[in-house]
Amino acid sequence: MNADAVIIGAGLSGLVDAILLAETGRRIIVIEQHAIPGGYLQQFRRGRTVFDVGFHYMGSTLPGRPMRQFLEHLQVWPRLRILPFPEDAAIEVISGPNRFAYPARFDRFHEKALAAWPGERAAIDRFVADVDGICSRFKWFALRRGVEYGSPLDLQWPGGSFADYIEGATEDAWLREALSLQTFNLGLLPSEAPWVKHALAFRSNFDRTSRIDGGGGALVKALLERGRELGVEYRFRSEVVGIACEGRMARAVTTANGERIDADLFVAACHPKVAVRCIPEESLPAIFRERILAMKDSRGAFQLFLALSAPLSSIGSTCVMIRGEEEAGDWPPLDVILVTYPCGEEKTPRGGPRLEAMAYMDWDIFASWGDRPSGRRGEDYERLKQEIARRMIARMRRIIPELPDAIAEAYTATPLTDAWYTRNEHGAVFGVSHDVEQQGTARPQPRMRLKNLYFTGHSITMPGICGVFINAFDTCEMIRGGDDLFRAVAT
Ligand SMILES: Cc1cc2nc3c(=O)[nH]c(=O)nc-3n(C[C@H](O)[C@H](O)[C@H](O)COP(=O)(O)OP(=O)(O)OC[C@H]3O[C@@H](n4cnc5c(N)ncnc54)[C@H](O)[C@@H]3O)c2cc1C
């Protein structure tokens, strides 16, 4: 079997890469180990209810902003029904008695923050200007034709963590906390989050924060549909277990089903450690292999999926981040919970009302069950999951008092679940950790030691949905050569 290019993984990244490479007339085969596409954007059904795994919200859907430009270019935008969050309360952050509702647009955020913290004008003005300054220097975010940009891979300027930045900017504890809670978008604490990356991720959630009717599954469906129009072939239940090489060139992938697919070009849209393990030892310098395999992965997630017997009245169609006080002896720690209640105009996925909640949680907490298959991890594992779910519900109850009585069914997932379904090492929500220690050349790059094998996906430059699109466009522009792709999406 031959193809011009083989893409490993049909997660969001693999689906976008496939379209961008098929646009050039190449014959593309996408190989996915799971039975369904989507990676973290997959959905699952329990009874009548369909739940989303890794899709809560996305921003930048206004004309000229990155998600909109990328989706338009891919001819996927018209296939989606975008559901913007309420203009004035897109994402709410709550800590003890304090609440701040982030609006859907960045200019409105500036005004609202000044109204909420009137004594902090200088800090807020500077924060907004600094975020804008950073975003205007990042090629795939600014998307301006005729501007000279540095390499997107050089995300060091200015260095330091968000905690370093914000501690020097204001002494107002609640303003610091409200801004710092947003490092949740990188799965990092403020002391771990690179200021530059945080600024980009923070800003990307504005400019019309939205959900998609049908959730992450609708985006996956639209990307698959477009890929198929361009002749992309998708193979499911087919796990890449080897990459055959000759010198510094990859020649073929081999699958667990015993198939071999030869190609001129390979794109690893899976976790980079998975790809590196597939490459024979003699084809990669030991130092490179060890460096990739030793990289720290981002945190995993504990997720609670609730099918509800009745709609909720004290929460609208927004996302809410809740920081709570822990009681003595509470373990494992639950720092922030992200709550999503798809309602209002969101008609699909079909089923009754539902609520999804997540908290970051280290792999180590569940590691002792890691070698046992799903469903056979024993009573201790089930008890721990139930206990974490109970604490999450207790915390949400303070904001949504009617929630406990409305729960019809509850399902949970741990980092073990995510690792099993997506092969992300340690169930890492954002692949290789994006913390301050692993920036610039210390993280996986699209180009690696094999000349015709490229890395892409959420472990590369930027994490999250918008980040995956940025990385896919960047990697595919390197492959396609020139700057046609940038000029096609820039304004
Ligand atoms: C709980 C959770 C909530 C999230 N919420 C949001 C959100 O609200 N907004 C946002 O912007 N981002 C969110 N994210 C992040 C976002 O979902 C991911 O960053 C993004 O979907 C990653 O896409 P990817 O294609 O890079 O990787 P993946 O989704 O991991 O895709 C990789 C694919 O490769 C396949 N694969 C792996 N190994 C092999 C192999 N050997 N052979 C064949 N196939 C293989 C996997 O099965 C998978 O399909 C969330 C993530 C999680 C886990």
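Before any of the text, the structure's been laid out above.
What this report covers is the structure whose coordinates are included nearby. (Residues numbered from 1 in each chain as written. Predicted model: local features only at pLDDT ≥ 70, side-chain atom pairs only at ≥ 80, totals over all residues. Heavy atoms only, no water.)

## Topic: the overall build of the protein chain
Of the regular secondary structure elements, the protein chain holds 16 helices and 19 strands. Computed over C-alpha atoms, the radius of gyration of the protein chain comes to 22 Å, within 12% of the 23 Å expected from 2.2 N^0.38 for 491 residues, which places it in the range of a compact globule. Projected onto the principal axes, the alpha-carbon positions of the protein chain cover approximately 60 × 55 × 45 Å. Taking all contacts inside the protein chain whose residues are at least 6 apart in sequence as the whole, residues at least 24 apart take part in 73%. If you sum the accessible surface of the protein chain, you get close to 19300 Å²; carbon and sulfur atoms cover 48% of it. One way to put it: in the protein chain the 59 positive side-chain charges average out to a point 4 Å from where the 63 negative ones average out. (Helix = DSSP H or I, 4+ residues; strand = E, 2+ residues; numbered from the N terminus. Rg over C-alpha atoms; globule rule 2.2 N^0.38 Å. Contact = heavy atoms within 4.5 Å. Areas by Shrake-Rupley, 256 points an atom, 1.4 Å probe, with all protein chains shown as cover. Lys, Arg positive; Asp, Glu negative; His and termini not counted. Charge placed at Lys NZ, Arg CZ, Asp CG, Glu CD.)

## Remarks on the site of the ligand
Around the ligand, the structure places 36 residues, and the nearest of them are Glu32, Gln33, Tyr40, Asn424 and Ile465. At a separation of 2.8 Å, an oxygen atom of the ligand approaches a polar backbone atom of His56. Interatomic distance of 2.7 Å between a backbone N/O atom of Ile465 and an oxygen atom of the ligand. Relative to its unbound accessible surface of 1000 Å², the ligand loses 96% to contact with the protein. Of all the secondary structure elements, the ones that give two or more residues to the shell around the ligand are helix H1 (12-22), helix H14 (415-422) and helix H15 (464-480). Per-element accounting of the shell around the ligand gives the leading share, 3 residues, to H15. When residues are assigned to domains, the shell around the ligand turns out to be shared by domain 1 (5-41 + 213-295 + 444-489) and domain 3 (297-425), each giving three or more. (Near = heavy atom within 4 Å. Polar contact = N/O pair within 3.5 Å; in protein donor to acceptor, adjacent residues only side chain to side chain. Domains from an automatic or database assignment.)

## Description of the side chain of Glu356
Within the secondary structure layout, Glu356 lies in strand E17 (residues 354-361). Within the local environment of Glu356, its side chain forms a polar contact with the backbone nitrogen of Asp52, the two atoms lying 2.9 Å apart.

## A short note on the sheet that holds strand E18 (residues 407-413)
Strand order in the open sheet formed by 7 strands is E7-E6-E15-E16-E17-E14-E18, with mixed pairing between adjacent strands. What marks the edges here is a single partner per strand, and that holds for strand E7 (98-102) and E18. Across this sheet, the average inter-strand angle for adjacent strands is 15°, counted without regard to direction. Bridge analysis of strand E16 (residues 336-340) against E17 gives 3 bridges, and the strand direction is antiparallel. Along E17, the bridge assignment pairs Leu338 with Met358. Along the sheet, helix H7 (residues 173-180) contacts strand E6 (91-95), E7 and strand E15 (319-323); its crossing angle with E7, the most-contacted strand, is approximately 45°. Sheet contacts for H14: strand E14 (300-308), E17 and E18; angle to E14, the most-contacted strand, approximately 95°. (Pairing = 2+ DSSP bridges. Axes fitted to C-alpha atoms, helices over the stretch in contact; angles between N-to-C directions.)

These values are about where atoms sit, not about what they do.
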